[in-house]
Amino acid sequence: LNFRKPWCGGLDPSTMSASESASDSSSSSEPPPKSFCTAIRTSPQDGLGIDCRDAILQNERVSMFRGKDLVRFLRNNPAVPAAHGMPSILGGDSASGDNNAAYSNEKIMAMCQRLVNSRYFYQVERMYKKPRPGRKKLVKFPRKVVVADNPREFRYDGFYVWNYDLPTNQLRLYLLSGLVVVATIMMCLFPVAPYRVKLTVLYLSLSMLILLLGTLIIRGLVFAFFWMTVGWHLWIFPNLLDETIPFLDTFKPLIAFDMGIDGKSPPGKPSIPTRGVAWAFSGAVIYLLSTNGPSAGQVRDATKQMNKDLLDYLKLHDPKLAITNATNGTNATDGAVNATLDGAVNATNATNTTNVTLPSLDEVLAMTEDADEEEDYDDDASSSASSSASSKEDL
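Conventions and cut-offs
The written sequence of each chain sets the order in which its residues are numbered from 1. In view of the model being predicted, local features appear only for residues whose pLDDT reaches at least 70, and side-chain atom pairs are presented and counted only at 80 or more, with totals across whole chains, interfaces and linings using the full set of residues. Excluded from the side-chain calculation are hydrogens and water; included are all heavy atoms of the structure. Per-residue accessibility, obtained with a 1.4 Å probe over protein chains only, is compared with the maximum for each type, and a residue is labelled buried under 20%, exposed over 50%, and partly exposed between these values. Helical segments are the DSSP runs of H or I of at least four residues, strand segments are the runs of E of at least two, and each set is numbered from the N terminus. In this description, contact between two residues means that some pair of their heavy atoms is separated by no more than 4.5 Å. When two rings of Phe, Tyr or Trp (its six-membered ring) have centres within 6.5 Å they constitute a pair, described as stacked for plane angles under 30 degrees, edge-to-face for angles over 60, and tilted for the intermediate range. Comment: axis = line fitted to C-alpha atoms, over the contacting stretch for helices; angle = value between 0 and 180 degrees taken between N-to-C directions. For classification, angles of less than 35 degrees are called roughly parallel, those exceeding 145 degrees roughly antiparallel, those between 65 and 115 degrees roughly perpendicular, and all remaining angles oblique. Here is the rule for handedness: rotate from the far helix to the near one, and if that takes an anticlockwise turn smaller than a right angle the crossing is left-handed, while a clockwise turn gives right-handed. Side-chain classes are defined by residue name, with Ala, Val, Leu, Ile, Met, Phe, Trp, Tyr, Cys and Pro counting as nonpolar, Asp, Glu, Lys and Arg as charged, and the others, Gly among them, as polar. Each nonpolar core is a collection of buried residues, namely Ala, Val, Leu, Ile, Met, Phe, Trp, Tyr and Cys, held together in the definition by side-chain atoms within 4.5 Å.

## Some details on helix 3 (residues 67–76)
Then step 1. Within helix 3, the full set of buried residues consists of Gly67, Asp69, Leu70, Val71, Phe73 and Leu74.
Then step 2. On its buried face, helix 3 sits against helix 2 (34–41), strand 2 (60–66), helix 4 (80–83), helix 5 (105–117), strand 3 (121–126) and strand 5 (159–162).

As structure tokens, then:
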């Protein structure tokens, strides 16, 4: 069945009780098809599937669901088991005598127990049995869980952890792997990227950061305004910072009121003196900022200077400072200099070739003899001069 572990969470077949062994032997020898469990785990947004959440079990991230969600899924989709080769759950219960019902609760519970016995999932329980300080109710899905005392028992109000991996879409796996490789190469080549690419990445990153911080600031200001005005605990995107839910669910709902410690009724409104003090403090802060803060022109100039300093620090203020463009500019300059020098040398050579006539061999020999005669004449003159000087000294 391609299970991640034959006995997850430290489960051991030797610790099975007699009732568990009997239930396992009484079940069908052939395990349920994996396609049936895959249909159960399909995203609820696709029209099928149950709500699965991430949890921590023995320092490992696992996928967890509630037993009641599985039962409700089978009740709402009674034809799904038969479509995947499982026994039909259609028909009424023999105990209740209602044979005209769309589904049978007995068959549903038996099917869930068969899935547990086939080790597709096992039972877990909350690590913390009491609610957190300031709350009276436990959260819907616990963040940390431990293996239950009887992990192979199915209960309507229990929590269960999947014990197998969903089949992998090969095309999607190859595409994602290729995107990871391409993204890694692009990040490595970012220092030599063109100037406009660097600037685009920089402004996109800053825009996302400003959008996130701006949303949080507006969210806090809206809450403070309604809290000080009418005492409401109103939040925009109340699940924006909740890390226990899927990413897309963080933007749902758009607006919600904060509930009290009982989780049903809103918290008590703050007293009028408390809200008056909050308004006075807010007014004082606004007054100090308006009188002592910088003017609009100073803010604009400081923003431009900060942008310029950032671009200078990243060497993006001038396209000539970018690595690629700077290299191209250097190469172009070197090429121009070389072309100029080559042109000058060629022009000089052409001029010299035009104006100068090479002497013949006889002329060269004649010039050499003349040079030797001049050298001998100079030597004789030097000797006579030295003789005259010595004669004068003798006299």
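What follows continues from the structure just given.
## Describing the packing of aromatic side chains
Geometrically, a pair of aromatic rings is defined through the distance of the ring centres and the angle of the planes.
Then step 1. Under the defined criterion, the tally for this structure stands at 12 aromatic pairs.
Then step 2. Pairing Phe225 with Trp279 gives two aromatic rings, centres 6.4 Å apart and planes at 85 degrees, and the pair type is edge-to-face. You can see Phe225 sitting in helix 7 (residues 195–229) and its partner Trp279 sitting in helix 8 (residues 272–292), a full 54 residues away along the chain.
Then step 3. For Phe225, a relative accessible area of 43% corresponds to the partly exposed category.
Then step 4. Exposure remark for Trp279: the relative accessible area of 40% places this residue in the partly exposed category.
Then step 5. Residues Phe237 and Phe251 carry aromatic rings whose centres are separated by 6.0 Å and whose planes lie at 90 degrees to one another, so their mutual orientation is edge-to-face. Here Phe237 is found in the loop between strand 6 (234–236) and strand 7 (255–257), whereas its partner Phe251 is found in the loop between strand 6 and strand 7, with 14 residues between them in sequence.
Then step 6. The partly exposed category is assigned to Phe237, whose relative accessible area is 21%.
Then step 7. Phe251 sits in the partly exposed class, given a relative accessible area of 40%.
Then step 8. Linked through ring pairs, Phe65, Phe121, Phe154, Tyr160 and Trp162 together constitute an aromatic cluster.

## Side note on the packing of helix 7 against helix 9 (residues 296–313)
Then step 1. Contact geometry of helix 7 with helix 9 gives a least axis separation of 12 Å together with a crossing angle of 130 degrees. One finds that helix 7 runs oblique with respect to helix 9. Handedness of the helix 7/helix 9 crossing: right-handed. Contacts between helix 7 and helix 9 involve Leu199, Leu202, Tyr203 and Leu206 from the first element and Asn307, Leu310 and Leu311 from the second.
Then step 2. For the contact of helix 7 with helix 9, the residue count by class is 6 nonpolar, 1 polar and no charged.

## Digging into the nonpolar core
Then step 1. Core analysis: the biggest nonpolar cluster contains 24 residues, and Phe36, Ile40, Leu70, Leu74, Phe121, Phe154 and Trp162 have the highest contact counts within it.
Then step 2. Elements represented by at least two residues in this core include exactly helix 2, helix 3, helix 5 and strand 5.
Then step 3. Here this core gets 5 residues from one element, more than from any other, and that element is helix 5.
Then step 4. Excluding residues within four positions of it along the chain, Leu70 makes contact with Ile40, Ile50, Phe65, Cys112, Phe121 and Phe154.
Then step 5. Counting residues in each nonpolar core, the second largest holds 11 residues, with Leu57, Val62, Met64 and Phe141 among its members.

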